[in-house]
Amino acid sequence: MARPGEVSFAHNGILFLDELPEFPRNVLEMLRQPLEENSITIARSNQSLCFPAKFMLAAAMNPCPCGFYGDTARECRCTPGIIQRYLSKISGPLLDRIDIHIEVPAVAYKELRGKDDGVSSSEIRDRVIATRAVQQARGYYNAHIPARALRKLCALDDSGERTLEMAVRKMGLSARAHDRILKLSRTIADMDHAEHVSAKHLAEAVQYRSLDRNYWS
Ligand SMILES: [Zn+2]
């Protein structure tokens, strides 16, 4: 008897996978169906069951097996081959389905102990609520904009088009990653209270595809 797994337990919530490359590759590839369809089909010899699996995927990983690649204070001892093998556990098609990839450098001790608390969570929450309201009024949350409405809702000016073309060429982005960048730039524009997506919003969205950059550079 098939039973619901972690992706179904995370239904309407967050699925957090720490140390992403430590998961077996076939398990990670299984995430592709629920990420696309918000449900998962489990086929057994005598039956096929479908469970709900609408979750927000959040995952964390190190830049390399030792964890110090790119660190300014500690030395990474991994060879390029080892790093490549580690990163390649996350397939291109899976990365394509993740909206935002972001590098988070280690926090220096001084900053950790600093007095500046930055922006509070409640301020950020207010910003998120306001941004979602803009999207709701438009008819779609940006992540759910259908392909047919994408060009209209995320229309770019000439300089935006040039920025996007350059990013796609240089990073060898897939059609899926291209669409995600457009949707994300729409969100950045919404947070900026801007009616149109500008080259600046687009350039910021491209920054949040750091694993595509690492993959292809
Ligand atoms: Zn390393």
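Values in this document were obtained by computation on a predicted structure and should not be read as measured data.

**Q** Help me understand the packing of aromatic side chains, please; the structure alone is not making it clear to me.
**A** Aromatic ring pairs are reported here in terms of the distance separating the ring centres and the angle at which the planes meet. In total, this model carries 0 aromatic pairs according to the counting rule given. Its end group placed over the ring of Tyr 141, Arg 132 keeps NZ or CZ at 4.2 Å from the ring centre.

**Q** In this structure, what is going on with the coordination of the zinc ion? I would like to understand it.
**A** By definition of the ideal shapes, a tetrahedral metal site with four donors has angles of 109.5 degrees and an octahedral site with six donors has angles of 90 or 180 degrees. Surrounding the zinc ion are the protein donor atoms Cys 64 (SG), Cys 66 (SG), Cys 76 (SG) and Cys 78 (SG), which sit 2.2 to 2.4 Å from the metal. One can describe the site at the zinc ion as tetrahedral: its 4 donor atoms subtend angles covering 107 to 114 degrees at the metal. Sequence positions of the residues that donate to the zinc ion give the spacing C-x1-C-x9-C-x1-C. One end of the pair, Cys 64, is in the loop between strand E4 (56–59) and helix H4 (80–87); the other, Cys 78, is in the loop between E4 and H4, and 14 residues separate them in sequence.

**Q** Where do I start with helix H10 (residues 175–191) in this structure?
**A** Each turn of an α-helix holds 3.6 residues, which means side chains three or four residues apart point in the same direction. A rise of 1.5 Å per residue sets the reference length of H10, with its 17 residues, at 24 Å; its end C-alpha atoms lie 25 Å apart and thus fit the reference within 8%. A positive backbone phi angle near 55 degrees is found at His 193, which sits one or two residues after H10.

**Q** Is there a simple way to think about a nonpolar patch on the surface in this case?
**A** The grouping of Ile 14, Phe 16 and Met 56 at the surface amounts to a nonpolar patch, some 360 Å² of accessible area in total. Take Ile 14: it is sitting in strand E1 (residues 14–17).

**Q** Before we go on, may I ask you to explain the nonpolar core in this structure?
**A** In a soluble, globular protein the nonpolar side chains are often hidden away together inside. Residues Val 7, Leu 15, Leu 17, Leu 28, Leu 31 and Phe 55 are the most contacted members of the largest nonpolar core, which totals 25 residues. Contributions of two or more residues to this core are made by E1, strand E2 (39–43), H4 and helix H5 (92–96). With 3 residues, H4 is the largest single contributor of residues to this core. Look past the residues within four positions of Leu 31 in its chain and what remains in contact with it is Val 7, Leu 15, Leu 17, Phe 55 and Leu 94.

**Q** For this particular structure, what's the right way to read the environment of Lys 54?
**A** Secondary-structure assignment places Lys 54 in the loop between strand E3 (48–52) and E4. As a C-alpha pair, Lys 54 and Ser 8 span 46 residues in sequence and 7.5 Å in three-dimensional space. Contacts of Lys 54, omitting those with residues within four sequence positions, involve Ala 10, His 11, Asn 12, Gly 13 and Asn 38.

Conventions used here
Throughout this description, residue numbers start from 1 for each chain and increase along the sequence as written. Restriction of local features to residues with pLDDT of at least 70 applies here, the model being predicted, together with a cutoff of 80 or more for giving and counting side-chain atom pairs; totals for whole chains, interfaces and linings are based on all residues. In computing side-chain values, all of the structure's heavy atoms are included and hydrogens and water are not. Two rings from Phe, Tyr or Trp (for Trp, the six-membered ring) form a pair when their centres are within 6.5 Å of each other. A pair whose planes differ by under 30 degrees is stacked, one over 60 is edge-to-face, and the rest are tilted. Sitting over a ring, as applied to charges here, requires NZ of Lys or CZ of Arg to be within 6 Å of the ring centre and within 35 degrees of the ring normal. Donor atoms (N, O, S) are those found within 2.8 Å of the metal centre, with the cutoff raised to 3.2 Å for Na, K and Ca; water is not part of the atom list, so apparent gaps in a site can occur. Just to be clear on the cut-offs, tetrahedral is four donors with all angles between 85 and 135 degrees, square planar is four donors and octahedral six with opposite donors over 155 degrees apart and all others between 65 and 115, and anything else goes down as irregular. Helix and strand definitions follow DSSP, with helices as H or I runs of at least four residues and strands as E runs of at least two, each counted in order from the N terminus. To estimate the expected span of a helix, subtract one from its residue number and multiply by 1.5 Å. Residues forming no salt bridge and having over 30% relative accessible area are the ones grouped into patches, like charges within 9 Å of each other and nonpolar side chains (Val, Leu, Ile, Met, Phe, Trp, Tyr) within 5 Å. With residues, only the protein chains shown are counted as cover, and all accessible areas are computed by Shrake-Rupley using a 1.4 Å probe. Salt bridge, as applied in this entry: a Lys or Arg side-chain nitrogen positioned within 4 Å of an Asp or Glu carboxyl oxygen. By nonpolar core we mean a set of buried residues, namely Ala, Val, Leu, Ile, Met, Phe, Trp, Tyr and Cys, connected to one another through side-chain atoms within 4.5 Å. The buried label goes to any residue with under 20% of its type's maximum accessible area, the exposed label to any with over 50%, and the partly exposed label to all in between, with areas taken from a 1.4 Å probe on protein chains only. Any two residues whose heavy atoms approach within 4.5 Å are treated as being in contact.

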